[in-house]
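Summary of structural features
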Amino acid sequence: MKAVVSVHAKFTVGKVDDRLFGGFVEHIGRCVYDGIYEPGHPEADADGFRNDVAALVRELNMPVTRYPGGNFVSGYDWHDTVGPKEQRPVRAEYAWEALEPNQVGIDEFVKWCRKVNTAPIMAVNLGTGSAKSAQELVEYCNFPGGTAWSDLRRKNGAEQPHGIRLWCLGNEMDGSWQIGHKTAEEYARIAHESGKMMKMADPSIELIVCGSSTRSMPTFAAWDARVLEETFEIADYLALHAYFGCTKEDVKKMEFFASPEVLEKQICDIIAACDFVAAEKKSARKINLALDEWNIWYRGNPKAHPETRWQAARPVNEETYDMADVIVVGGLLMAMLDHADRLKIGCLAQTVNVIAPVMTRPGGGAWRQTIYYPFYYTSRYGRGTVLRSHTDSPAYESANCARPVSWVRSVAVYREEAGEIALFAINRSTEEAAEYTFEMSGFSPESVVEAVEIHHDDLDAVNTEGCEKVAPAVIPAGVYSVAGGVLQTTLKPASWNMFRIRVRN
Ligand code: AHR
């Protein structure tokens, strides 16, 4: 099979917002307790946070991390989470049927964020919570001092404001599973008032409004338009969530490997909803998108360990990722980059133990799952200007996509400061290698700085503690060439690849 991809220096999608490569820490399962936080573990620091976990998260280079949920946030009272730890209440946590000991609260989470070089995206409870409570939280976090809430923060040890810029107005409020689920009208009202009051406490904050929680919702797109019509004045971003899985029937993974194109359709549909509302309002404003939950999730089951109900840190939604998932996560990141003009924020859901790139064993080690690697490289090198690319590749029919899906997908990001193009490519064929040509008009490519691939003959291969079967490997220099403005190489079947090409332009 032959695939030819062409870019031109003058044809660009847009600048990548660093926040596209964010993470997500929810109070769910073993994400916080026995995940990022495990006092008594040999790797725990003075605050109880595991250094080995923090080191792996730091490497992922996530500029933002959404917190504290997820479904969890809809039953959450932030007042429980501050002050002396021994005085904090233990609560029944109804979203995931666990105990919440409140030993990690806002002030502790902000400390962890500093440790891993990320900034919190704080979600407020609009399920059972109120606009007043949301406003108080902004005041607690961002007011310098001199008010009861901000002085309480100072008394609790945080003299300087936390300075949290990004806030989510609730979580998946369209879903019947959500605690305090609402109709579009009910949600739009409370979101509007909460957002208005939160911006009174700190006008510099940015707000993410809940869009449809999945593309399969019967109210998909209509919910988004209805909510935006009411919240247009206070909304900065509209949220969308997307999880993908593989069915038993999809033995060759063809439908699963088409997930990036399915995500792309969802992104385009939500952009259309945003622009429809702007048109109704005769406004030139563009509401941008926050994909503040995305990943592969089909094996991890919230009901998996019924015997652990109403325990803290019970294992929930723990998913072991394989080689096939590398292709999909790599492709989803490509789809996100291809919409960098409107998609500004992304949160891989989640960061540790729960549908996550990093896994831990209580009292034991921490390790990288297979999907860690495409995220690591794309987050590290996929920042700059996305080049619009034209792909000429054989394609296959997918039941989930209106158009044929190219066996080869790639995205190129021009990293101006480094003088490089970062090229990411997947070959979705499990049988055929791809003779791949990348034509760069308007650039003078000089050399390949780094070439890596992720490939394993067994699509089911996984990484476990102390045994890493799926890891990046250097592509030998003889496998590719750069000459006359063109890179040529061979992409192995079912592989993810990255080339960093030094260019002049
Ligand atoms: O990430 C796990 C869950 O998925 C989140 O709590 C919820 O928002 C979504 O349904």
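Residues numbered from 1 in each chain as written. Predicted model: local features only at pLDDT ≥ 70, side-chain atom pairs only at ≥ 80, totals over all residues. Heavy atoms only, no water.

Across the sheet, which stays open at both edges, the eight strands sit in the order β2-β3-β6-β7-β8-β9-β10-β11 with parallel pairing between neighbours. With partners counted over all chains shown, the strands left at the sheet margins are β2 (23–24) and β11 (343–348), one partner each. As paired strands, strand β7 (residues 166–169) and strand β8 (residues 206–209) are joined by four bridges and run parallel to one another. Within β8, the residue paired with leucine 169 across the bridge is valine 209. (Pairing = 2+ DSSP bridges. Helix = DSSP H or I, 4+ residues; strand = E, 2+ residues; numbered from the N terminus.)

All residues adjacent to the ligand are Phe24, Glu26, Gly70, Asn71, Trp96, Asn171, Glu172, Tyr243, Glu293, Trp297, Gln350 and Ile355. Between the ligand and the protein, one listed contact pairs an oxygen atom with a backbone N or O atom of asparagine 71 at 2.9 Å. A distance of 3.0 Å separates an oxygen atom of the ligand from a polar atom in the side chain of glutamine 350. Here the ligand, which alone exposes 280 Å², has 94% of that area covered by the protein. Partitioned by chemical class, the residues of the shell around the ligand number five nonpolar, four polar and three charged. (Near = heavy atom within 4 Å. Polar contact = N/O pair within 3.5 Å; in protein donor to acceptor, adjacent residues only side chain to side chain. Areas by Shrake-Rupley, 256 points an atom, 1.4 Å probe, with all protein chains shown as cover. Nonpolar A, V, L, I, M, F, W, Y, C, P; charged D, E, K, R; others polar.)

Moving on to the environment of threonine 385. By the element assignment, threonine 385 lies in strand β14 (residues 385–392). Classification of threonine 385 as buried rests on a relative accessible area of 12%. Here the alpha-carbon distance between threonine 385 and valine 413, two residues 28 residues apart in the chain, equals 5.4 Å. Setting aside anything within four residues of it in sequence, one finds threonine 385 in contact with Thr12, Gly14, Lys15, Ala412, Val413, Tyr414 and Glu416. (Buried < 20%, exposed > 50% of the residue type's maximum accessible area, 1.4 Å probe, protein only. Contact = heavy atoms within 4.5 Å.)

To continue, consider the nonpolar core. Membership of the largest hydrophobic core comes to 169 residues, with the highest contact counts inside it found for Trp167, Leu169, Tyr187, Tyr436, Phe438, Trp496 and Phe499. Contact partners of phenylalanine 499, with chain neighbours within four places excluded, come to Ile421, Ala422, Leu423, Val448, Glu450, Ala451, Ile475, Tyr480, Leu487, Thr489 and Leu491. (Core = buried A, V, L, I, M, F, W, Y, C linked by side-chain atoms within 4.5 Å.)

We now examine the packing of aromatic side chains. Taken as a whole, this structure holds 21 aromatic pairs when the rule is applied. Plain terms: the ring middles of tryptophan 78 and tyrosine 140 are 5.1 Å apart, the flat faces sit at 50° to each other, and that makes the pair tilted. Taken together, the positions of tryptophan 78 in the loop between β3 (64–67) and β4 (91–93) and tyrosine 140 in helix α3 (residues 131–142) put the pair 62 residues apart, joining distant regions of the chain. Across the pair, exposure class does not vary: tryptophan 78 and tyrosine 140 are buried alike. Ring pairs connect the aromatic residues Tyr372, Tyr373, Tyr376, Tyr377, Phe424 and Trp496, which therefore count as one cluster. The ring of phenylalanine 24 carries the charged tip of arginine 66 above its face, separated from the ring centre by 4.9 Å. (Phe/Tyr/Trp six-rings, centres within 6.5 Å; stacked < 30°, edge-to-face > 60°. Lys NZ or Arg CZ within 6 Å of the ring centre and 35° of its normal.)

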